[in-house]
Amino acid sequence: MKTFNRILIVICIFSVIYLGILFAVMSGAIGGTERKLDDIEQYGQTLDELVIPEGTKVVGIGEASHGNCEFQTAKLDMLKKQVEAGVCHSIAFEMNPGESAEINDAIHGGDVDIEEMMGRTDYPLYDTAQMIELVEWMRDYNKDKSLEDSVTIYGVDIQGPWRDMNYLADFGERHPDTFTEEEMAKFNTMIEDDDYDIYTEKDFFTGIYNKLLAYDEYEYKYAALVAEILLQSYDAPSFTDTPDEYAEYRDSHMAQNLMSFYNLEVERGYSQIIITAHNGHTMKGEQEGYGEVSAMGGYINDIFEGSYFSVGTAYYNACVNIHVAGTYDDNYVRKDYNFCSDDILAYQAKYFEGEKYCLNFSEITDTNCEVYKKIHNPGFMGLVGEGISALTEQQRMDRARLVQADRFDAVIYYYNVTPIRCLNY
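Chemist: Let's hear about the overall build of the protein: which residues, and what values?
Modeler: Along the backbone of the protein there are 17 helices and ten strands. Relative to its 425 residues, the protein shows a buried fraction of 52%. For the protein, the proportion of contacts with a sequence separation of at least 24, taken over those separated by at least 6, is 76%. Summed over all atoms, the accessible surface of the protein reaches about 19,700 Å², with 50% contributed by carbon and sulfur.

Shown next, in the form of structure tokens:
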């Protein structure tokens, strides 16, 4: 009986201690203000206050995950900001060019149901209310504007040759005499046969590409780039057999494709383009956690000779809607998962209005201040990929340890971020 009483007393003591610690954490006495960096409010600013350097040719806006509303909203916020600045009227996505060309046609006229169109996306993560809002804003902006004054959308990714093929076939239908009857018949055969192997048709698409290059009109040049990027998929290394080689091929070509679309923008009279993709692509340097290869952002910075300004996004707490690895086609599944990055800089967002703020790293020059030390030394940053498995949580693959100032020029920080909701998946 005495032993039982002792055990009961010990349990009660530990319960009181536990409840006391829990109350202290919730009240902020523990894990609260002492985590606040003394000079954070001196450097924290809003996205509107963020100054993009004059002469910047490419502005990157990254996503810490593909599965959060706030990061998708940041794309539109950045687009509005730079359109208002007058130097930029376009945004490029981690999206195949056939799909972006369809969207671009829709925002330049025609009675298109944007929600229905986005519901047919090859990328479920774009089938969201936030992306619909972005596309509808672009269409509304373009009303009664010439091509030169309009906003445009591009896709730089090499994944999705079937969507590219379908767009080129539709382009031929809408532009008679561009392709021969035999070429249109070939397109129809590929479309009607679900098992058709378009990877046997490199010569055919080379011919299509060369024909489109013969025209000077903007829409033909856009279609020619769709064909060119489709052709890039023929020479891509195997993702299954050599994933690092594939990743490097993909990122380097996305950067090259961005330059091609940038040149179209220069012809339209603009000196800047926005690129948006996962942080793992838009950041500069190697893709830590994604294989020992260079990221797209590094290639962009080289190709554009340093005139690349990369803005990352970061969270402290995240409920991420993400594709469950191994589920495809009819068995496709997305679920919500909770992560805490333990990013001390993202933690600071709780002290700002709306629990978000931005740091422009070039403006933080005092080497003795806490913020400078945090951005210039290794620390955790949330980086959730598109596809989750047991290893993601077991090995904490939802974050990377890196020096933020080496990878980005600025970062938008959020204390909490919420999951996207795919409307048709």
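Chemist: Can you break down the pairing of strand E3 (residues 152-155) residue by residue, with the values?
Modeler: Here E3 shows a buried face lined by Thr-152 and Tyr-154 and a second buried face lined by Ile-153 and Gly-155. Bridge count between strand E2 (residues 88-93) and E3: four bridges; the pairing is parallel. Its bridge partner being in E3, Phe-93 is matched across the sheet by Gly-155.

Chemist: I'd love a proper account of the packing of aromatic side chains, names of residues and values included.
Modeler: The full count for this structure, using the stated rule, is 25 aromatic pairs. For the pair Phe-179 and Phe-187, a centre-to-centre distance of 5.8 Å together with 45 degrees between the ring planes defines the contact as tilted. Both residues of the pair, Phe-179 and Phe-187, belong to the buried class. Relative to Tyr-351, the ring of Tyr-347 has its centre 6.2 Å away and its plane inclined at 70 degrees; by these criteria the two rings are edge-to-face. Residue Tyr-351 is classed as partly exposed on the basis of its relative accessible area of 22%. One residue, Arg-399, lies across the ring of Phe-380, its end atom 3.6 Å from the ring centre. Lying over the aromatic face of Phe-380, Arg-401 brings its terminal NZ or CZ to 5.5 Å of the ring centre.

Chemist: Could you give an account of the environment of Val-411, naming the residues involved and the relevant values?
Modeler: By the element assignment, Val-411 lies in strand E10 (residues 410-417). Exposure remark for Val-411: the relative accessible area of 0% places this residue in the buried category. Taking the C-alpha atoms as reference points, Val-411 and Thr-313, 98 residues apart in sequence, are found 5.3 Å from one another. Beyond its immediate sequence surroundings of up to four residues, Val-411 is in contact with Gly-312, Thr-313, Ala-314, Tyr-357, Cys-358, Leu-359, Phe-361, Met-381 and Gln-404.

Chemist: Describe a negative patch on the surface, with residues and values.
Modeler: A contiguous patch of negative charge, built from Asp-111, Asp-113, Glu-115, Glu-133 and Glu-136, is present on the exposed surface. Assignment of secondary structure puts Asp-113 in the loop between helix H4 (97-107) and helix H5 (114-118).

Chemist: Requested: an account of the packing of H4 against helix H7 (residues 161-174), with residues and values cited.
Modeler: In the contact formed by H4 and H7, the axes pass within 7 Å of each other and the chain directions differ by 40 degrees. In terms of axis orientation, H4 runs oblique to H7. Contact residues: H4 offers Pro-97, Gly-98, Glu-99, Ala-101, Glu-102 and Asp-105, while H7 offers Arg-163, Asp-164, Tyr-167 and Arg-174. Taken together, the residues that form the contact of H4 with H7 break down as three nonpolar, one polar and six charged.

Chemist: Give a description of the pairing of strand E9 (residues 399-402) that names residues and reports values.
Modeler: Burial of the side chains of E9 is restricted to one face: Ala-400 and Leu-402 are buried, whereas none of Arg-399 and Arg-401 on the reverse face is. Bridging between strand E8 (residues 379-382) and E9 involves four bridges; their strand directions are antiparallel. Across the sheet, Met-381 pairs through a bridge with Ala-400, a residue of E9.

Chemist: How would you summarise helix H10 (residues 218-232) if you had to cite specific residues and measurements?
Modeler: The end-to-end C-alpha distance of H10 is 21 Å, a good match for the 21 Å that 15 residues give at a rise of 1.5 Å each. Extensive coverage of H10 is indicated by the burial of twelve of its 15 residues. Those residues of H10 that fall on the buried side of the exposure criterion are Tyr-218, Tyr-220, Tyr-222, Ala-223, Ala-224, Leu-225, Val-226, Ala-227, Ile-229, Leu-230, Leu-231 and Gln-232.

Chemist: Provide a residue-level description of the pattern of salt bridges, including the pertinent values.
Modeler: As enumerated under the stated definition, the model contains 21 salt bridges in all. For Arg-120, the salt bridge identified is with Glu-102, shortest N-O distance 2.9 Å. Here the residue Arg-120 occupies a position in the loop between H5 and helix H6 (129-142), and Glu-102 occupies one in helix H4, the gap between them amounting to 18 residues. Residues joined by salt bridges that share partners form a network here, namely Glu-99, Glu-102, Glu-116, Arg-120, Asp-122 and Arg-163.

Calculation criteria
- Residues numbered from 1 in each chain as written.
- Predicted model: local features only at pLDDT ≥ 70, side-chain atom pairs only at ≥ 80, totals over all residues.
- Heavy atoms only, no water.
- Helix = DSSP H or I, 4+ residues; strand = E, 2+ residues; numbered from the N terminus.
- Buried < 20%, exposed > 50% of the residue type's maximum accessible area, 1.4 Å probe, protein only.
- Contact = heavy atoms within 4.5 Å.
- Areas by Shrake-Rupley, 256 points an atom, 1.4 Å probe, with all protein chains shown as cover.
- Pairing = 2+ DSSP bridges.
- Phe/Tyr/Trp six-rings, centres within 6.5 Å; stacked < 30°, edge-to-face > 60°.
- Lys NZ or Arg CZ within 6 Å of the ring centre and 35° of its normal.
- Patch = residues over 30% accessible without salt bridge, like charges linked within 9 Å, V, L, I, M, F, W, Y side chains within 5 Å.
- Salt bridge = Lys/Arg side-chain N within 4 Å of Asp/Glu carboxyl O.
- Lys, Arg positive; Asp, Glu negative; His and termini not counted.
- Charge placed at Lys NZ, Arg CZ, Asp CG, Glu CD.
- Axes fitted to C-alpha atoms, helices over the stretch in contact; angles between N-to-C directions.
- Parallel < 35°, antiparallel > 145°, perpendicular 65-115°, else oblique.
- Nonpolar A, V, L, I, M, F, W, Y, C, P; charged D, E, K, R; others polar.
- Expected span 1.5 Å × (residues − 1).

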